[in-house]
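Architecture at a glance
Residue strings, one per chain:
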Amino acid sequence: MRKWIVALFLALASSAALAQQTPDMDADLTVSRPLHVRGQGPVVAIDAGHNNFHTAEGRYAPFAEVLRNDGYQVRSLAAELTAPALAPLRVLVVSNALAKENVVEWRLPTPPAFTPAEIEAVREWVRGGGALFLIADHMPFPGAMASLASAFGFTLDNSVAVPSPRRAELFSRANGDLLDSEIVRGDVAGVPVTEVRTFGGSSFRAPPEAVPIMRLGSDWTIVFPEEWGVISAVTPRRPSTGEDLRAAALEFGKGRVVVVSEAAAFSAQAAPGGPMGFRADGAGQNKQFLLNVMHWLSQGAAEAR
């Protein structure tokens, strides 16, 4: 139990550093073989209209720059998610949205960040050929984004997923927790990945028709705090099962969805405890994993967009 408490403390300390992290634009954000001519690729919007912790101008500036270097046309979308707002887009990225009630206080309850009308608009847009990249980190973000994920059959845990002290948050083909898929193989551009590092997130379950990409093994514990960073011996928790995931992909109608339960893996951050994202030890393939996700999403979306 003592070792598990130490592991939990380290996980919380790592994620707590998110509040102090800043985008690291000096990281290597280049793309050696861009898939598209710069500025002429598909249109990608990064949500900024729902109190998002990660935006294209903020902590996801490195994310946005990698996409631009791959040729994508990257926009920030601060408007309500309506059919007209979504129509010009090939991919919508939603990372760590929050209801206004939780912007300052990361505690229960966690109301939805999206209105029912917005959820229906996104669902129908994806069904018609759009592509959604949904990223929900640790509690309280999954609680705020659960209703949007549920529209596609995903169940988000408003939690923090903690690995055993014996392992790092490194998902690999060798360990069997980075699973075979078109994204991992890099089928679109022919660049596979063999390992991906994450930095403290949650867990979720996917619908049967989804393709799991990263699976949490039995050596993970899913913890459900009432307030972020406040953990005691009576805080609800459960062991991970074979259904708990860190990433999965889904074809939905004519469109596609990727859900990931950790956000820092897709950026480059300077934080008090050391670099997070692309510069961190073990994260050398994270940038390529981001590109593979975007290639799969954008290539599957309707060509008319």
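As a starting point, this report considers the structure included with it. Just so it is clear, the structure is predicted and the values come from calculations on it, not from any experiment. (Residues numbered from 1 in each chain as written. Predicted model: local features only at pLDDT ≥ 70, side-chain atom pairs only at ≥ 80, totals over all residues. Heavy atoms only, no water.)

A rise of 1.5 Å per residue sets the reference length of helix α7 (residues 286-300), with its 15 residues, at 21 Å; its end C-alpha atoms lie 21 Å apart and thus fit the reference within 8%. Counting buried positions along α7 yields 13 of 15 residues, so the element is predominantly enclosed. (Helix = DSSP H or I, 4+ residues; strand = E, 2+ residues; numbered from the N terminus. Expected span 1.5 Å × (residues − 1). Buried < 20%, exposed > 50% of the residue type's maximum accessible area, 1.4 Å probe, protein only.)

With that out of the way, let us pick up the packing of helix α2 (residues 61-69) against α7. Where α2 contacts α7, the two axes come as close as 11 Å, and the packing angle between them is 65°. For the pair α2 and α7, the crossing hand works out as right-handed. Of the residues in α7, those in contact with Phe63, Val66 and Leu67 of α2 are Lys287, Leu290, Leu291 and Met294. (Axes fitted to C-alpha atoms, helices over the stretch in contact; angles between N-to-C directions. Left-handed = near helix turned anticlockwise from the far one by under 90°. Contact = heavy atoms within 4.5 Å.)

Most of α2 is tucked away: seven of the nine residues are buried. Where α2 is concerned, the buried positions are Ala61, Pro62, Phe63, Ala64, Val66, Leu67 and Asn69. Two residues or fewer past α2, glycine 71 is found with a positive phi of approximately 100°.

Take the sheet that holds strand β1 (residues 22-23) next. Strand order in this open sheet of three strands is β1-β16-β17, and the pairing throughout is antiparallel. Two strands close off the open sheet at either side, each with one partner strand: β1 and β17 (276-277). Across two bridges, the pairing between strand β16 (residues 268-270) and β17 is antiparallel. The residue of β17 that forms the bridge with alanine 268 is glycine 277. (Pairing = 2+ DSSP bridges.)

Here the focus is the sheet that holds strand β13 (residues 237-239). Read across the open sheet, the three strands follow the order β7-β12-β13; overall the sheet is antiparallel. Every interior strand has two partners, whereas the edge strands, β7 (160-163) and β13, have only one. Sheet twist, expressed as the mean angle between neighbouring strand axes with direction ignored, is 25°. In the sheet, β7 pairs with strand β12 (residues 220-223) via four bridges, with the strands oriented antiparallel. Within β12, the position partnered with proline 163 by the bridge is tryptophan 220.

Our focus in this paragraph is the nonpolar core. Membership of the largest hydrophobic core comes to 52 residues, with the highest contact counts inside it found for Phe63, Phe133 and Phe266. Examining the composition of this core, we find that seven residues originate from one element, α7, more than from any other. In contact with phenylalanine 133, not counting residues within four places along its chain, are Phe63, Leu92, Val93, Val94, Val258, Val260, Phe266, Leu290, Val293, Met294 and Leu297. If you look at the next biggest cluster of nonpolar residues, it comprises 44 residues, including Leu98, Phe114, Leu134 and Phe252. (Core = buried A, V, L, I, M, F, W, Y, C linked by side-chain atoms within 4.5 Å.)

In this section: the pairing of strand β5 (residues 131-135). Counting buried positions along β5 yields five of five residues, so the element is predominantly enclosed. Of the two faces of β5, the one holding Ala131, Phe133 and Ile135 and the one holding Leu132 and Leu134 are both buried throughout. In this sheet, β5 lies alongside strand β4 (residues 91-95) in parallel orientation, the contact comprising five bridges. When the sheet's bridge partners are listed, valine 94 is paired in β5 with leucine 134.

This part takes up the packing of aromatic side chains. The full count for this structure, using the stated rule, is ten aromatic pairs. Measuring from ring centre to ring centre gives 5.8 Å for phenylalanine 171 and tryptophan 220, while their planes differ by 25°; the resulting arrangement is stacked. Taken as a pair, phenylalanine 171 in strand β8 (residues 170-172) and tryptophan 220 in strand β12 lie far apart in primary sequence, 49 residues in all. Accessibility assignment for this pair places phenylalanine 171 and tryptophan 220 in one class, buried. Ring plane angle 20° and centroid distance 5.9 Å describe the contact between phenylalanine 266 and phenylalanine 289, whose orientation is recorded as stacked. Taken as a pair, phenylalanine 266 in the loop between β15 (255-260) and β16 and phenylalanine 289 in helix α7 lie far apart in primary sequence, 23 residues in all. (Phe/Tyr/Trp six-rings, centres within 6.5 Å; stacked < 30°, edge-to-face > 60°.)

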